[in-house]
Amino acid sequence: MAPHQHQAFVPCSKLHPFIHSCSMLMADQWLVTFKQGLKMYAPLFIIPAVLLRRRHIKYLVTRTLPEIIRSSAFLGTFASSYARFYCLFRNALKKDLPIGSVIAGFLAGLASIFIERKSRRSELALYCLNQSIEVVWRMMEARGLVRSRNNGEVFIFMLASSIMFYFFQNEPSAVRSNMHGVYKFLLGGKN
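As the structure is a prediction and not an experimental result, all values here were calculated from the model.

1. Topic: the overall build of the protein chain
When you go through the protein chain residue by residue, the secondary structure sums to 7 helices and 0 strands. When the helices and strands of the protein chain are listed from N to C terminus, the series reads α-α-α-α-α-α-α. Expressed as a percentage of contacts within the protein chain between residues at least 6 apart in sequence, the contacts between residues at least 24 apart total 55%. On the protein chain, roughly 14,100 Å² of surface is accessible, and the fraction owed to carbon and sulfur atoms is 67%.

As structure tokens, this is what we get:
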């Protein structure tokens, strides 16, 4: 279908036929994504706490477990809020517009970011920026506006690493303190 052709509005009941209510979809989406988040975040938080910091069970229960739950709740809230905001937007206009996804993503991010600790928000912003850049690149590539190069991701990695090492060397306060050990190891033990 050409981009300029009109596409009929598809009601939400056709998009999620097994859950007829958008609100119930949101609740279901939150629970499913929260469980997936637990599976993803548990190793990400527990392995470093045990192996790198040699933390005891009390630390794991009082500090690490709440972080896992908080991050999983963030993920669940983002996914379910996105679904809800997208349904609200498209039902209000009775149209499916591409900008609806952008608006829903922005509002979902705004609704969920405050669940995470303030110190983790910049990491999440960088992650989302990376994902957004990749999505925009792929969209531009699909439209023939840009072309990928062989091993282009290696160049991007080198550029990003250079920027990170620059900040580590020249503005260490801009880099999270728990990353200093990683950079010192990579650079041979000295600043």
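2. As for the environment of Val 50
With respect to the helices and strands, Val 50 occurs in helix H2 (residues 22-52). Along the sequence, Val 50 and Leu 60 sit 10 residues apart, while their C-alpha atoms lie 8.4 Å from each other.

3. A closer look at the packing of aromatic side chains
All chains considered together, the criterion is met by 3 aromatic pairs. Taking the centre distance of 4.8 Å and the plane angle of 10 degrees together, the rings of Trp 30 and Phe 34 count as stacked. With Trp 30 and Phe 34 both in helix H2 and 4 residues apart, the pair spans about one turn of that helix. Residue classification places Trp 30 among the partly exposed residues on the basis of a relative accessible area of 29%. Aromatic pair Tyr 82 and Tyr 86: ring centres 6.1 Å apart, planes at 5 degrees, arrangement stacked. Placement of the pair is Tyr 82 and Tyr 86 together in helix H3 (residues 57-93), with a separation of 4 residues, close to one helical turn.

4. Digging into helix H5 (residues 118-142)
Since there are 3.6 residues in each turn of an α-helix, residues three or four apart along the chain are aligned in direction. Taking 1.5 Å of rise per residue, the 25 residues of H5 would be expected to cover 36 Å, and the 36 Å separating its terminal C-alpha atoms lies within 8% of that figure. Looking one or two places after H5, you find Gly 144, whose phi comes out positive at around 75 degrees.

5. Overview of the packing of H3 against helix H4 (residues 98-112)
Running from amino to carboxyl end, H3 crosses H4 at an angle of 140 degrees, the nearest separation of the two axes being 8 Å. What the angle tells us is that H3 and H4 run oblique. The two elements H3 and H4 meet at a crossing, and its hand is right-handed. Each of Phe 74, Thr 77, Phe 78, Ser 81, Tyr 82, Phe 85, Tyr 86 and Phe 89 in H3 lies in contact with H4, whose residues at this interface are Ile 99, Gly 100, Ser 101, Ile 103, Ala 104, Gly 105, Leu 107, Ala 108, Gly 109, Ala 111 and Ser 112. Residue composition of the contact of H3 with H4, grouped by class: 12 nonpolar, 7 polar and no charged.

6. Here we look at the confidence of the model for the protein chain
Per-residue pLDDT for the protein chain averages 81, and the proportion of residues at 70 or more is 88%. Ranking the elements of the protein chain by mean pLDDT puts helix H7 (residues 180-186) last, at 70, and H3 first, at 89.

Reading guide: rules and limits
As a convention, each chain's residues are numbered from 1 in the sequence order in which they are written. Local features in this predicted model are restricted to residues of pLDDT 70 or higher, and side-chain atom pairs are both shown and tallied only at a pLDDT of 80 or more, whereas totals for entire chains, interfaces and linings draw on every residue. With hydrogens and water set aside, each side-chain value is computed from the structure's full complement of heavy atoms. Here a strand is any run of E in DSSP of at least two residues, a helix any run of H or I of at least four, and the numbering for each starts at the N terminus. By definition, residues are in contact when any of their heavy atoms lie within 4.5 Å. To be clear on the numbers: accessible area is Shrake-Rupley with a 1.4 Å probe, and residue cover counts the displayed protein chains and nothing else. Between rings of Phe, Tyr and Trp, where Trp is taken as its six-membered ring, a pair exists when centres lie within 6.5 Å; planes separated by under 30 degrees are stacked, by over 60 edge-to-face, and by other angles tilted. Relative accessibility under 20% of the residue-type maximum defines a buried residue, over 50% an exposed one, and the middle range a partly exposed one, all with a 1.4 Å probe and only protein chains included. Expected span, for any helix, means 1.5 Å times one less than how many residues it has. Throughout, an axis means a line fitted to C-alpha atoms (over the contacting stretch in the case of helices), and angles, computed between N-to-C directions, take values from 0 to 180 degrees. Geometric relationships in this document are graded by angle, where less than 35 degrees denotes roughly parallel, more than 145 denotes roughly antiparallel, 65 to 115 denotes roughly perpendicular, and other angles denote oblique. Handedness of a crossing is defined here by the sense of rotation of the near helix relative to the far one, left-handed for an anticlockwise turn of less than a right angle and right-handed for a clockwise turn. When residues are sorted by character, Ala, Val, Leu, Ile, Met, Phe, Trp, Tyr, Cys and Pro go into the nonpolar class, Asp, Glu, Lys and Arg into the charged class, and all the rest, Gly among them, into the polar class. By definition, pLDDT measures how confident the predictor is in each residue, and it falls between 0 and 100.

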